[in-house]
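These are the residues of each chain, in order.
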Amino acid sequence: MTTFDFSGLDFAVRSDIPEAYGTYWDTLAAPGNWWTGAERVAIAHASREALDCPFCVQRKQSLSPYTLSGKHQNSGPLSERVVDAVHRIITDQSRITQALVDDNAANGLSKEAYVELVGIVVTVFSIDEFHRALGMPLQELPEPKSGEPTFELPEPLVEDMGFVPTLPADGATGKNADLWMPGSAANVVRALSLVPDAVRGWQQIAGVQYLSLQGMQNFEQDDNRSINRMQMELIAGRVSSVNECFY
Amino acid sequence: MMLRVSATTTDTEIALQGVVGDKASAATGIAYGAELMHFAESIALRDEKVMAESRKALLGAAGPAVLVDAAGVAANFQRMVRIADSIGIPFDYMDSPTVQAIQQELGLKGFASARHSMTSDGD
């Protein structure tokens, strides 16, 4: 397993955090449902480049993100369309629209591939943000593993919210029964369920950075945390507010 | 909404305006609230200099365990906002009067991503 080393800090980091990050890193390097391991690592690389992309800065300042033309900073092998999707998620996520996702799907970036891409981008970004928050350098990306994607679709799928199909609230059954507990299917939990492993990936990280789905039912304080739920939600609310996230 | 629920559960008086950056409100009823709010804000704004200052302030006030857990929560929500917006999901509890009151108090309906949750008449 990949080792995340926080020994450069003057204080300890809970051991479950680097363990979960290491597990995710190994998953990142392997073939997924719709992308190869090399493509998945390239998506992670693109998510880091987004933060230094001059075109993203220019577009973020424009009144409409859809009228400006230009090229993203892109030193990897991914197409401009894929890199554009990655960069929007990092730098201008609140202005992503159904029309953009549909246009991408009609031009080679399927909704299934988009959902897996979202899962990679947000999970790598979140792990990177933890490092930045503590003043640590970012972890080197893993070496891709060989193999082909599975191209496996979950069932049943519905189109009752958002830009992509998802499993229905009562659809976490069979081999996907672990995705959420009955009655815990908040929209954000279902959001990436077109690619169940994308849900598993972020839940695994959320469980150590914030709370597990089960832990979220505790509104006082988790035994394994030094901050209580109010402190957590103040942080969550402030981050969401700065990002202008209505959800 | 979760902040309101956790405050109600623990019978604590809080001021929600801490979520939109008011330092005094953040400190109301929440230990290290001002430092936590500033640290969270600096991470979301991605200002390295301010982040270093706020990290030092939180570490000094609350200690390393709180700093690590706060960094985890902030990093987590840097992800969650991007899942919600990149998939365009609506908020689950739009009909709740408590939710509507919070949205009104904090001016949340002015956010671009509110469109995923609104009907054509703005509700």
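Further up the page is the structure itself.
A brief structural summary. What you are looking at is a predicted structure, and each value in this text was computed from that prediction instead of being measured.

Procedures and definitions
- Residues numbered from 1 in each chain as written.
- Chains lettered and ligands numbered in written order.
- Predicted model: local features only at pLDDT ≥ 70, side-chain atom pairs only at ≥ 80, totals over all residues.
- Heavy atoms only, no water.
- Helix = DSSP H or I, 4+ residues; strand = E, 2+ residues; numbered from the N terminus.
- Rg over C-alpha atoms; globule rule 2.2 N^0.38 Å.
- Buried < 20%, exposed > 50% of the residue type's maximum accessible area, 1.4 Å probe, protein only.
- Contact = heavy atoms within 4.5 Å.
- Areas by Shrake-Rupley, 256 points an atom, 1.4 Å probe, with all protein chains shown as cover.
- Lys, Arg positive; Asp, Glu negative; His and termini not counted.
- Charge placed at Lys NZ, Arg CZ, Asp CG, Glu CD.
- Core = buried A, V, L, I, M, F, W, Y, C linked by side-chain atoms within 4.5 Å.
- Domains from an automatic or database assignment.
- Axes fitted to C-alpha atoms, helices over the stretch in contact; angles between N-to-C directions.
- Parallel < 35°, antiparallel > 145°, perpendicular 65-115°, else oblique.
- Left-handed = near helix turned anticlockwise from the far one by under 90°.
- Nonpolar A, V, L, I, M, F, W, Y, C, P; charged D, E, K, R; others polar.
- Arc of directions from axis to C-beta.
- Polar contact = N/O pair within 3.5 Å; in protein donor to acceptor, adjacent residues only side chain to side chain.
- 1 Å grid on protein atoms, 1.4 Å probe; cavity = no way out; pocket = protein on both sides within 12 Å on 5 of 7 lines; lining within 4 Å.
- Points joined across faces, edges and corners; volume = space filled by probe spheres on them.
- Phe/Tyr/Trp six-rings, centres within 6.5 Å; stacked < 30°, edge-to-face > 60°.

### As for the overall build of chain A
Phase 1 of the analysis: Looking only at helices and strands, chain A features 9 helices and 0 strands.
Phase 2 of the analysis: What you see in chain A, going N to C, is helices and strands ordered as α-α-α-α-α-α-α-α-α.
Phase 3 of the analysis: Whereas a compact globule of 247 residues would reach a radius of gyration of roughly 18 Å, chain A reaches 18 Å, a difference of no more than 12%.
Phase 4 of the analysis: Buried residues in chain A amount to 59% of all 247 residues.
Phase 5 of the analysis: Pairs at least 24 apart in sequence give 63% of the contacts found in chain A among residues at least 6 apart.
Phase 6 of the analysis: For chain A, the exposed surface amounts to about 10100 Å²; the carbon and sulfur share of it is 51%.
Phase 7 of the analysis: Each charge class in chain A can be summarised by its mean position, and for the 18 positive and 32 negative side chains these summaries are 5 Å apart.

### Overview of the nonpolar core
It is characteristic of soluble globular proteins that their nonpolar side chains tend to be buried jointly.
Phase 1 of the analysis: By size, the foremost hydrophobic cluster in this structure holds 117 residues, and its most contacted members are Tyr114, Leu117, Phe130, Leu134, Leu192 and Ile235 of chain A together with Ile87 of chain B.
Phase 2 of the analysis: Looking at this core element by element, the count peaks at 14 residues for helix α5 (residues 64–87) of chain B.
Phase 3 of the analysis: Mapped onto the domain boundaries, this core takes at least three residues apiece from domain 1 (2–87) and domain 2 (91–123) of chain B.

### Describing the packing of helix α2 (residues 37–49) of chain A against helix α4 (residues 80–91) of chain A
In helix packing, the relevant descriptors are the interaxial angle and the interaxial distance, both defined with respect to the helix axes.
Residues and elements named next belong to chain A.
Phase 1 of the analysis: Taken N-terminus to C-terminus, the directions of α2 and α4 make an angle of 50 degrees; their axes are 9 Å apart at the nearest point. Classified by the interaxial angle, the pair formed by α2 and α4 is oblique. Here α2 and α4 pass one another in a crossing that is right-handed. Along its contact with α2, which presents Ile43, Ala46, Ser47 and Glu49, the element α4 presents Val86, His87 and Ile90.
Phase 2 of the analysis: Considered class by class, the residues forming the contact of α2 with α4 number 4 nonpolar, 2 polar and 1 charged.

### What about helix α6 (residues 97–106) of chain B?
Residues and elements named next belong to chain B.
Phase 1 of the analysis: Val99, Ile102, Gln103 and Leu106 are the residues of α6 that are buried. Projected onto a plane normal to the axis of α6, the buried residues spread over an arc of 100 degrees and lie on a single side. Across from the buried face of α6, at angles greater than 90 degrees, the exposed residues are Pro97 and Gln104.
Phase 2 of the analysis: Looking at the buried positions of α6, the neighbouring elements they touch are α1 (2–9).
Phase 3 of the analysis: One or two residues past the end of α6 sits Gly107, with phi positive at roughly 70 degrees.

### Quick look at the side chain of Gln209 of chain A
Phase 1 of the analysis: Position of Gln209 of chain A relative to the elements: it lies in helix α8 (residues 196–209).
Phase 2 of the analysis: What makes Gln209 of chain A buried here is its relative accessible area of 0%.
Phase 3 of the analysis: Within the structure, Gln209 of chain A has its side chain in polar contact with the side chain of Tyr21 of chain A (distance 2.7 Å).
Phase 4 of the analysis: Here Gln209 of chain A is in contact with Tyr21, Ser126, Ile127 and Phe130 of chain A together with Asp69, Gly72, Val73, Ala75, Asn76 and Arg79 of chain B, once residues within four sequence places are set aside.

### Comments concerning the layout of surface pockets
Phase 1 of the analysis: Taken as a whole, the second largest pocket encloses approximately 410 Å³ of empty space.
Phase 2 of the analysis: What lines the second largest pocket is a set of 18 residues, and nearest its centre among them are Lys60, Ile90 and Thr91 of chain A together with Arg46 and Arg82 of chain B.
Phase 3 of the analysis: Where the lining of the second largest pocket is concerned, the elements lending two or more residues are α3 (54–61) and α4 of chain A together with α3 (33–45) of chain B.
Phase 4 of the analysis: Among the elements that make up the lining of the second largest pocket, the one with the highest residue count is α3 of chain A (3 residues).
Phase 5 of the analysis: Of the residues assigned to the lining of the second largest pocket, the class counts are 9 nonpolar, 4 polar and 5 charged.

### Concerning the packing of aromatic side chains
All names here are of chain A.
Phase 1 of the analysis: This structure, assessed with the given rule, holds 6 aromatic pairs over all chains.
Phase 2 of the analysis: Seen in terms of ring centroids, Phe6 and Phe130 are 5.7 Å apart; in terms of plane orientation they differ by 90 degrees. Their pairing is edge-to-face. In this pair, Phe6 is assigned in the segment before α1 (16–29) and Phe130 in helix α6 (residues 111–133), connecting sequence segments 124 residues apart.
Phase 3 of the analysis: Overall, the relative accessible area of 8% leaves Phe6 in the buried class.
Phase 4 of the analysis: Connected via pairs of aromatic rings, a cluster forms that spans Phe4, Phe6, Tyr21, Trp25 and Phe130.

### Some thoughts on the packing of α2 of chain A against α6 of chain A
All names here are of chain A.
Phase 1 of the analysis: Taken N-terminus to C-terminus, the directions of α2 and α6 make an angle of 55 degrees; their axes are 9 Å apart at the nearest point. Accordingly, the angle class assigned to the pair α2 and α6 is oblique. Considering how the two elements wind past one another, α2 and α6 form a crossing that is right-handed. The segment α2 lies against α6, with Arg40, Ile43, Ala44, Ser47 and Arg48 engaging Glu116, Leu117, Ile120, Val121, Val124 and Asp128.
Phase 2 of the analysis: In terms of residue class, the contact of α2 with α6 is made up of 6 nonpolar, 1 polar and 4 charged.

Note that all results are geometric; they support no functional claim without further evidence.
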